[in-house]
Amino acid sequence: MIRVLLADDQRLIRAGLRMLIEDTDDITVAGEAADGVEAVRLHTELRPDLVIMDLRMPGLDGIGATRQILTTEPRAKVLVLTTFDDDEHLFPALSAGATGYFVKDTDPDVLLDAIRRTVEGDLLFSPTLLRRLVTRALTTPPETPSPPADLTPREREVLRLVAEGHGNQEIADHLHLGVSTVKTHIVNLLDKTGTDNRVRLAVYGSKLP
């Protein structure tokens, strides 16, 4: 069962998400937060598999809450769900460590699929946002990092596939490995590259020669 923490200052939005989620057989709501401070506290207490995070909240906003959660628990997964689809919100959220970004007019079935796939390790975005990320990546001169000397050939393959946006199951299928083995490789890659979440690992891998 996937346990989700809802963080949104609008009670109606939280109620709608709860109804949507609890109509499934494999996802449940672990708790609800009305602001960023409460989201950070409940994440520490409840240890959910995923946080669905609004960005505009009183006090501590969603970006600040995401940053605090990822600082405390680098493996945490935060899926942003917001009304904002502009660069001023998208890129700070990704920099804070968000593992996905969707707008609130997303189709309910797409959102449920995103919850499942994000927990499995995928990086997911609304189609328009994904196109914007690709465009920005293609037009920004890359800074080429030096790969760690102790990466194994298999770890390099996994890193390349992570950078291409593949999820754990897709990587496992491509390399004929078990999903648990892929997860082990990713944990090792995070340690060896000095990155603290999958988004930053993907960015790191995309800049390697």
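Since this is a predicted model, take the numbers as computed values, not measurements.

Cut-off values and rules
Residues numbered from 1 in each chain as written. Predicted model: local features only at pLDDT ≥ 70, side-chain atom pairs only at ≥ 80, totals over all residues. Heavy atoms only, no water. Axes fitted to C-alpha atoms, helices over the stretch in contact; angles between N-to-C directions. Helix = DSSP H or I, 4+ residues; strand = E, 2+ residues; numbered from the N terminus. Parallel < 35°, antiparallel > 145°, perpendicular 65-115°, else oblique. Contact = heavy atoms within 4.5 Å. Nonpolar A, V, L, I, M, F, W, Y, C, P; charged D, E, K, R; others polar. Buried < 20%, exposed > 50% of the residue type's maximum accessible area, 1.4 Å probe, protein only. Pairing = 2+ DSSP bridges. Right-handed = clockwise from strand over helix to strand, strands pointing away. Polar contact = N/O pair within 3.5 Å; in protein donor to acceptor, adjacent residues only side chain to side chain. Salt bridge = Lys/Arg side-chain N within 4 Å of Asp/Glu carboxyl O.

Asker: Whenever I open this one, the packing of helix α7 (residues 153-163) against helix α10 (residues 198-206) confuses me. Can you help?
Answerer: Packed helices, taken two at a time, are described by their axes: the angle between them and the distance between them. Running from N to C, α7 and α10 point in directions that differ by 105°, and their axes come no closer than 8 Å. Taken together, the axes of α7 and α10 lie roughly perpendicular to each other. Of α10, the residues touching α7 (which contributes Leu159, Val162 and Ala163) are Arg198, Leu201, Ala202, Tyr204, Gly205 and Ser206. In the contact of α7 with α10, the residues fall into six nonpolar, two polar and one charged.

Asker: Sorry if this is basic, but what is going on with the pairing of strand β5 (residues 100-103) here?
Answerer: Remember that side chains alternate between the two faces of the sheet whenever the strand is regular. Side-chain alternation along β5 places Gly100 and Phe102 on one buried face and Tyr101 and Val103 on a second face that is also buried. Bridge analysis of strand β4 (residues 78-82) against β5 gives four bridges, and the strand direction is parallel. Each bridged residue has a counterpart across the sheet, and for Leu79 the counterpart in β5 is Gly100. For β5 and strand β6 (residues 124-125), the ladder comprises two bridges, and the chain directions are parallel. By the bridge assignment for β6, Tyr101 is matched with Phe125.

Asker: Any chance you could explain the pairing of β4 here in plain terms?
Answerer: The buried fraction of β4 is high, at five of five residues. Neither face of β4 is open: one carries Val78, Val80 and Thr82, the other Leu79 and Leu81, and all of them are buried. In this sheet, β4 lies alongside strand β3 (residues 50-53) in parallel orientation, the contact comprising three bridges. Looking at the pairing, Met53 lines up with Val80 of β4. Assessed by its sense of winding, the connection that carries the chain from β3 through helix α3 (residues 62-72) to β4 is right-handed.

Asker: Any chance you could explain helix α2 (residues 36-46) here in plain terms?
Answerer: Side chains of residues three or four places apart in an α-helix project in the same direction, reflecting 3.6 residues per turn. Turning to α2, its buried residues number three or more, namely Gly36, Ala39, Val40, Leu42 and His43. As for α2, its buried residues are in contact with β1 (2-7), β2 (27-33), β3 and α3. Sitting at the head of α2, Asp35 places a side-chain oxygen 3.1 Å from the backbone nitrogen of Val37. Positioned one or two residues after α2, Arg47 has a phi angle of 50°, which is positive.

Asker: So what exactly am I meant to see when it comes to the sheet that holds β2 here?
Answerer: As a general point, the strands of a sheet are linked pairwise by backbone hydrogen bonds and lie either parallel or antiparallel. The strand order across the open sheet formed by six strands is β2-β1-β3-β4-β5-β6, and the pairing between neighbours is parallel. The open sheet terminates on both sides in strands that have one partner only, identified here as β2 and β6. Packing against the sheet, α3 makes contact with β3 and β4, and its axis sits at approximately 165° to β3.

Asker: Just to check I follow, could you spell out the pattern of salt bridges for this structure?
Answerer: Two side chains with opposite charge may pair up if their charged atoms get near one another. Applying the stated criterion to the full structure yields 13 salt bridges. Put simply, Arg154 and Glu157 hold a salt bridge, and the shortest N to O gap is 2.8 Å. Of the two residues, Arg154 and Glu157 both sit in helix α7, three residues apart, roughly one turn of that helix. Residue classification places Glu157 among the partly exposed positions, given a relative accessible area of 31%. Linking Glu164 and Arg160 is a salt bridge whose minimum nitrogen-to-oxygen distance equals 3.4 Å. Looking at Arg160, the relative accessible area reads 39%, which means it is partly exposed.

Asker: Is there a simple way to think about the environment of Lys183 in this case?
Answerer: Residue position: Lys183 is located in helix α9 (residues 179-193). Note on Lys183: relative accessible area 40%, which makes it partly exposed. Here the alpha-carbon distance between Lys183 and Ile171, two residues 12 residues apart in the chain, equals 9.9 Å. Sequence-distant contacts of Lys183, that is, excluding residues within four places in its chain, are made with Glu120 and Asn168.

Asker: What's the story with unusual backbone geometry in this structure? I'm lost.
Answerer: The phi angle of most residues is negative, glycine excepted, and most peptide bonds adopt the trans form. A positive phi angle is found at Arg47, which is not glycine, with a value near 50°. With respect to the helices and strands, Arg47 occurs in the loop between α2 and β3. Look at Arg47 and you get partly exposed, because its relative accessible area is 43%.

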